[in-house]
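Geometric and topological summary
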Amino acid sequence: MTKPRVAILGLGLMGSGMAGRLLTAGFPLAVYNRNPEKTAPFAKAGAYVARSPRDAAARADVVISMLADDVASRAVWLDKQTGALGGAAPGTWLIESSTASVQWIKELAAAAKQHECELLDAPVTGSKPQAASGELLFLVGGSAEALAAVRPVLAVMSREVLHLGPIGSGATLKLINNFLCGVQAASLAEAMSLLAASGLDREKSVAVLTAGAPGSPLVKILTARAAANDFTPNFVLRLMAKDLTYAREEGERHGVAMNTATPAIADFEKAIAAGYGDKDFSAVIPALQKR
Ligand code: NAP
């Protein structure tokens, strides 16, 4: 069976790994990135480098975007001159894999429908290493028919593709997931600040915390990164602030107070103001300790 033509819009930490997997699996691939420098390795590997999202979408049966946030997604899909939707032929399958707000996903799905295309929201769990090795988990919202059509494409980038319900379902669970990660990271950073201020032995104390009830997989990863003083980004800190903000807004829409999101956002904003926004989100730990 011939493989569908795929376009990837956004070659950041995640999109570049996903594009690499698609090329390795032999899918005809078009790539677009706002900063064209990031396209060079994909051109060498045989991908078509598109001049615009519109150009990329015009050459694809399946269009996947992996962008920073709602603002980036809106610009890339809907720009009147260069937007992907303008280039997509009716019947093209559209996939938004960015972590976006549920409201935006619904708006984009409506725009896609007007264009006779169907959108799936398919954000992911897993980080840069899992994107590169094809071990992501896709959290999918949208129709079962659309998912069946694109499943072979998602399969080469993932360990699992989970259908959660109608459009917006993937985005909703992804925001809940990152809300739990974000508040944990922020409270860990506060705990580590108290630990440092109190003069306790850091190594001994962290060993107690990580071996005990608070030692979640995330706390273990973040304390290890802090101990190694390695904040090379897998997931940049400013995007965690974005996810917590979208999660809080989603809570508000449902009348659910996501109270712990607010101080966590304040911790991440403090870290961004101190210059840690483009570091890995584990850098919230040293950021809070810098007074
Ligand atoms: P990233 O490395 O910061 O890449 C962001 C991408 O968005 C880049 O291609 C960037 O283009 C593009 N972009 C940003 N603003 C834009 C705009 N206004 N117009 C056009 N393009 C724009 O982020 P990432 O880590 O790949 O994350 C991508 C998405 O996946 C985010 O929604 C993130 O929350 C989510 N996610 C990330 C992880 C992770 O561990 N990294 C895990 C799960 C989900 P330029 O190169 O030109 O800046």
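Our structure is the block above this text.
Structural notes, computed from the coordinates. Quick caveat, the model's predicted, so the values are computed rather than measured.

Overall, the coordinates contain one aromatic pair when judged by the stated rule. Ring geometry for Phe235 against Phe281: centres 5.5 Å apart, planes inclined by 65 degrees, an arrangement best described as edge-to-face. Of this pair, Phe235 sits in the loop between helix H11 (217-228) and helix H12 (237-253) while Phe281 is found in the loop between helix H13 (261-273) and helix H14 (284-289), placing the two residues 46 residues apart along the sequence. Summarising the burial analysis for this pair, Phe235 and Phe281 share the class buried. The residue whose ring lies beneath Lys3 is Phe27, and the NZ or CZ to ring-centre distance is 5.6 Å. The lysine or arginine in question, Arg59, covers the ring of Tyr48, its NZ or CZ lying 3.6 Å from the ring centre.

On to the pairing of strand S1 (residues 6-9), then. Of the two faces of S1, the one lined by Val6 and Ile8 and the one lined by Ala7 and Leu9 are each fully buried. Alignment of S1 against strand S2 (residues 29-32), held across four bridges, turns out to be parallel. Directly across from Leu9, in S2, lies its bridge partner Tyr32. Crossover S1 to S2 through helix H1 (residues 13-24) is right-handed. Looking at chain direction, S1 and strand S4 (residues 62-65) are connected through four bridges and run parallel. Paired with Val6 across the bridge in S4 is Val62.

Turning our eyes to something else, we now look at helix H8 (residues 144-155). By the burial criterion, the buried members of H8 are Ala146, Leu147, Val150, Val153 and Leu154. Across the axial projection of H8, the buried residues extend over an arc of 110 degrees, all falling on one side. For H8, the exposed residues set more than 90 degrees away from the buried face come down to Ala144, Glu145 and Ala148.

With that settled, the discussion passes to unusual backbone geometry. Negative phi is the rule for most residues except glycine; trans is the rule for most peptide bonds. Positive phi is not limited to glycine here, since Glu116 has a value of about 60 degrees. Positionally, Glu116 belongs in the loop between helix H6 (102-114) and strand S6 (118-121). Here the phi dihedral of Asn229 falls at roughly 55 degrees; this positive angle occurs in a residue that is not glycine. Within the element layout of this structure, Asn229 appears in the loop between H11 and H12.

Its twelve residues place the ends of H11 17 Å apart at the C-alpha level, agreeing with the 16 Å of an ideal helix rising 1.5 Å per residue. Of the residues making up H11, those classed as buried are Leu218, Val219, Leu222, Thr223, Arg225 and Ala226. Each buried residue of H11 lies within a common arc of 160 degrees when the element is viewed along its axis, so the set occupies one face. When the buried face of H11 is taken as reference, the exposed residues oriented beyond 90 degrees from it are Pro217, Ala227 and Ala228.

All right, on to the environment of Lys3 then. Structurally, Lys3 is set in the segment before S1. Lys3 sits in the partly exposed class, given a relative accessible area of 40%. Sequence separation of Lys3 and Val124 is 121 residues, and the distance between their C-alpha atoms is 23 Å. Contacts of Lys3, omitting those with residues within four sequence positions, involve Ala25, Gly26, Phe27 and Pro28. A distance of 3.5 Å separates a polar atom in the side chain of Lys3 from the backbone oxygen of Ala25.

Taken together, 26 residues form the shell around the ligand, and within it Asn33, Lys38, Leu67, Ser127 and Asn234 come nearest. The contact in question runs from an oxygen atom of the ligand to an N or O atom on the backbone of Ala68, over 3.0 Å. Summarising the interface, the protein chains cover 88% of the accessible area of the ligand, which totals 900 Å² for the free molecule. Of all elements in the fold, only H1, helix H4 (70-78) and H12 reach the threshold of two or more residues within the shell around the ligand. Considering every element that reaches the shell around the ligand, the biggest residue donor is H12, with four residues.

What counts and how
- Residues numbered from 1 in each chain as written.
- Predicted model: local features only at pLDDT ≥ 70, side-chain atom pairs only at ≥ 80, totals over all residues.
- Heavy atoms only, no water.
- Phe/Tyr/Trp six-rings, centres within 6.5 Å; stacked < 30°, edge-to-face > 60°.
- Helix = DSSP H or I, 4+ residues; strand = E, 2+ residues; numbered from the N terminus.
- Buried < 20%, exposed > 50% of the residue type's maximum accessible area, 1.4 Å probe, protein only.
- Lys NZ or Arg CZ within 6 Å of the ring centre and 35° of its normal.
- Pairing = 2+ DSSP bridges.
- Right-handed = clockwise from strand over helix to strand, strands pointing away.
- Arc of directions from axis to C-beta.
- Expected span 1.5 Å × (residues − 1).
- Contact = heavy atoms within 4.5 Å.
- Polar contact = N/O pair within 3.5 Å; in protein donor to acceptor, adjacent residues only side chain to side chain.
- Near = heavy atom within 4 Å.
- Areas by Shrake-Rupley, 256 points an atom, 1.4 Å probe, with all protein chains shown as cover.

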